Amino acid sequence: MSTYKIISFDGGGVRGAFTTQVLKRLTRPPYNLNLESTHMFAGTSTGSVIAAGLAMGLSIDTVADFYTEQNCKYIFSEPRFFGLMVLGPKYSNRPLHQFLSGQYTGNPQFDKLKHALVTASFKLNSKYTGDWLTVFFHNRQDPAHLSGKPEFDYRNLRLVDAVMASGAAPVYFPSYEIEGRGTYIDGGVVANNPGVAAIAVASGAHNLDKQDLGNIRLLSIANGIKPENVSGSPKWGVMQWLNPFKSSPLVNILTDGVSDADHYYCLSMLGERYRRLQIQLKDPVVLDDYKAVPKLVDLANSNDPAFEKKLGDIAEWFNAP
C-alpha cells in the first residue's frame, strides 16, 4: 500500500498569505515538492480556504493569488457597529461569501472533489445531540453508515458553505447558517491546527478508504506565531481579554494554544511520519491585518539559509515513496 499523504493548513486569517506562498515556493525548484501526490487536504478557517481550493483541483498559484493585499482588504471591507467587537461581529461576512463564490467555480459538492478534504467547524445547535458539536466536514464517508443521519451526511454539502462555516471567527464574523444543517462558528475554537482531525478522518472506521496510522504521512503548515506577554491577567475582565481596539489575547490563546496542543498529538501518533512548518513572527499579526500581507509574503520567500534548509528537508521527506 502506498503512503497516504496529507497536508493540513492552520487558521489565521490574512496569515494564509504566508501559507500559500511557502507552499508555492516548495513546489518550485530546488525543492520540487510533488503536490499532486497529496491524497488529502485539511484546513481550518483561512486554512479551509486553501485546502478547499486545492481539493477541488485549483493550482497552488491560483490559491496563492487569493491572498493579495487587495483581496484581503476587500474581505474585511464591511465593518459593523464601527468595528467594535463588544457590540457585535466586527465585520459582515458578505464580502467573504462573494469572494469565495467567485473563486470556487461552480461551488462543487463535497462528493465531486478531486482530492479528499477535511474542514473543521463548530456547530452551535445540533438536533441530534441537543447541544453544540465539533464538526469535521469531509468527503470520505461510507454511505452505509449514514442512514437516518442527514446532519452528518456531507456528500451534497457545497464547498462555499463548508468554508464559510469553518471561517466564522467569533467576534470578527457572524456565525454562519447552512440551510437544513444548523449554525456554525470558526473551527479554530477547537482545531485551529487540523492535523489531528485529518488523521482521525483518514484512519476512521467508517471511511471509504480507511488508512492505518503507519501508512499516513502528514505535513502541517502553520502561518506564524508570536506569543504575547499577558502580564496583569489576574485583574483582567472582558475588555482586557477581548480587547476590541487591538489584538485580542483570549482569541490568540484559543487559536495558537490549541494549535500547539494538536502539534503534540500529531507528533505523538505519527513520529517521523509527521512534519510541521512554523515560523516566529517579529510582531503579532491579527487575522484582519491586510496591510501585513506583503510582509508575510516576504517571510515565505526568505533566503535565510536555515529556513531554506528546512524547506529542502521537508520537500525531500514529503516526496519520498
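What this report covers is the structure whose coordinates are included nearby.

**Overview of the overall build of the protein chain**
Here comes step 1: Counting secondary structure elements, the protein chain contains 12 helices and 8 strands.
Here comes step 2: For the protein chain, the proportion of its 321 residues judged to be buried stands at 53%.
Here comes step 3: Of the contacts made within the protein chain by residues no fewer than 6 positions apart, 73% connect residues no fewer than 24 positions apart.
Here comes step 4: Here the protein chain has roughly 14300 Å² of accessible surface; of this, 54% comes from carbon and sulfur atoms.

**A closer look at empty space enclosed by the protein**
Here comes step 1: Applying the stated criterion to the full structure yields 3 cavities of 30 Å³ or more.
Here comes step 2: Lining the largest cavity are 19 residues; nearest its centre among them are Gly 13, Thr 46, Val 49, Ile 75 and Leu 96.
Here comes step 3: Every element with two or more residues in the lining of the largest cavity is listed here: helix H2 (46-55), helix H4 (69-75) and helix H5 (94-103).
Here comes step 4: Residues belonging to the lining of the largest cavity are distributed by class as follows: 14 nonpolar, 4 polar and 1 charged.

**Focus: the pattern of salt bridges**
Here comes step 1: Counted by the stated rule, this structure contains 12 salt bridges.
Here comes step 2: Between Lys 309 and Asp 313 there is a salt bridge; the shortest N-O distance is 2.9 Å. Taken as a pair, Lys 309 and Asp 313 lie in helix H12 (residues 305-319) at a separation of 4 residues, close to a single helical turn.
Here comes step 3: Looking at Asp 313, the relative accessible area reads 38%, which means it is partly exposed.

Procedures and definitions
- Residues numbered from 1 in each chain as written.
- Predicted model: local features only at pLDDT ≥ 70, side-chain atom pairs only at ≥ 80, totals over all residues.
- Heavy atoms only, no water.
- Helix = DSSP H or I, 4+ residues; strand = E, 2+ residues; numbered from the N terminus.
- Buried < 20%, exposed > 50% of the residue type's maximum accessible area, 1.4 Å probe, protein only.
- Contact = heavy atoms within 4.5 Å.
- Areas by Shrake-Rupley, 256 points an atom, 1.4 Å probe, with all protein chains shown as cover.
- 1 Å grid on protein atoms, 1.4 Å probe; cavity = no way out; pocket = protein on both sides within 12 Å on 5 of 7 lines; lining within 4 Å.
- Points joined across faces, edges and corners; volume = space filled by probe spheres on them.
- Nonpolar A, V, L, I, M, F, W, Y, C, P; charged D, E, K, R; others polar.
- Salt bridge = Lys/Arg side-chain N within 4 Å of Asp/Glu carboxyl O.

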